Amino acid sequence: MKSKEFLKTVLPLVGFVILLLLLRQYVFSPVVVKGHSMDPTLADGERVIALKNTEVHRFDIVTFPAPDEPNKNYIKRVIGLPGETVEYKNDTLYIDGKAYKEPYLDEFKNALTDGQPLTADVPPIKVPADHYFVMGDNRRNSKDSRFIGSIKKETIFGDVKFVLWPLNRFGTLPKVTQK
């Protein structure tokens, strides 16, 4: 009789743990933000959830292995999609010659007091097929595609959609719409 009670208690718990492991393997991944390259959107030490196997769109925030630092991952914002030409002039993003607004940078730009642009000029860069051009929101303090090149589509771990910690930031990240 005691073994049946034990099984009734343990089996659902084991099933729940297996379900969580499968979800983590195939659906989502917890990520800890390290560094200040995504300030003010994401802060150092925040815990976020990245969804796996999602379609990546412009201005999504993604995580991927650092191509220049083994055993480290980066978290950046997708700026350019495969086949596009990305350029920055006078702190304005141009994609295939069309200007795009980046509303997630407005607060940061308004806080600057040194008269310098947040994003230095970037000459036209063609994004290869199956690659993305990514940048941190803290453009002055971000090792991104301007320095490490474009990111291969298949190396992206996930699309960051949700902040878990700190609790005062708990919830989904605001969706950025394209112009």
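Residues numbered from 1 in each chain as written. Predicted model: local features only at pLDDT ≥ 70, side-chain atom pairs only at ≥ 80, totals over all residues. Heavy atoms only, no water.

*Asks:* Please set out the pattern of salt bridges residue by residue, giving values where relevant.
*Replies:* Summed over the entire model, instances satisfying the criterion amount to 12 salt bridges. Linking E102 and R139 is a salt bridge whose minimum nitrogen-to-oxygen distance equals 2.9 Å. Residue E102 is found in the loop between β7 (98-100) and α2 (106-111), and its partner R139 is found in the loop between β9 (131-135) and α3 (145-148); the two are separated by 37 residues along the sequence. A salt bridge links R146 to D144, with the nearest nitrogen and oxygen atoms 2.8 Å apart. Within the structure, one salt-bridge network assembled from shared partners comprises D68, E69, K72 and K143. (Salt bridge = Lys/Arg side-chain N within 4 Å of Asp/Glu carboxyl O. Helix = DSSP H or I, 4+ residues; strand = E, 2+ residues; numbered from the N terminus.)

*Asks:* Give me the lowdown on the layout of surface pockets, citing residues and values where you can.
*Replies:* Vacant regions in the atomic arrangement are exposed by a probe of water-molecule size rolled over the atoms. Roughly 470 Å³ of internal volume is contained in the largest pocket. Looking at the largest pocket, it is lined by 22 residues, and the ones nearest its centre are V32, T63, N73, Y74 and I75. Of all elements in the fold, only β1 (28-32) and β4 (73-80) reach the threshold of two or more residues within the lining of the largest pocket. A breakdown of the residues in the lining of the largest pocket according to their chemical character gives 7 nonpolar, 8 polar and 7 charged. In this structure, the second largest pocket encloses a volume near 360 Å³. It is strand β11 (residues 158-165) that provides the largest number of residues to the lining of the second largest pocket, a total of 3 residues. Here the lining of the second largest pocket is composed, by residue class, of 9 nonpolar, 2 polar and 7 charged. (1 Å grid on protein atoms, 1.4 Å probe; cavity = no way out; pocket = protein on both sides within 12 Å on 5 of 7 lines; lining within 4 Å. Points joined across faces, edges and corners; volume = space filled by probe spheres on them. Nonpolar A, V, L, I, M, F, W, Y, C, P; charged D, E, K, R; others polar.)

*Asks:* Before we move on, can you summarise the packing of aromatic side chains with the specific residues and values?
*Replies:* Throughout the structure, instances matching the rule amount to 3 aromatic pairs. With a centroid separation of 6.0 Å and 85° between ring planes, the pair formed by F64 and Y74 is classed as edge-to-face. Taken together, the residues span a long stretch of sequence, with F64 in strand β3 (residues 61-65) and Y74 in strand β4 at a distance of 10 residues. Summarising the burial analysis for this pair, F64 and Y74 share the class buried. When the ring centre of Y100 is taken as origin, the NZ or CZ atom of R58, which lies over that ring, is 4.9 Å away. Above the plane of the ring of Y94 lies K89, whose end atom (NZ or CZ) is 5.0 Å from the centre. (Phe/Tyr/Trp six-rings, centres within 6.5 Å; stacked < 30°, edge-to-face > 60°. Buried < 20%, exposed > 50% of the residue type's maximum accessible area, 1.4 Å probe, protein only. Lys NZ or Arg CZ within 6 Å of the ring centre and 35° of its normal.)

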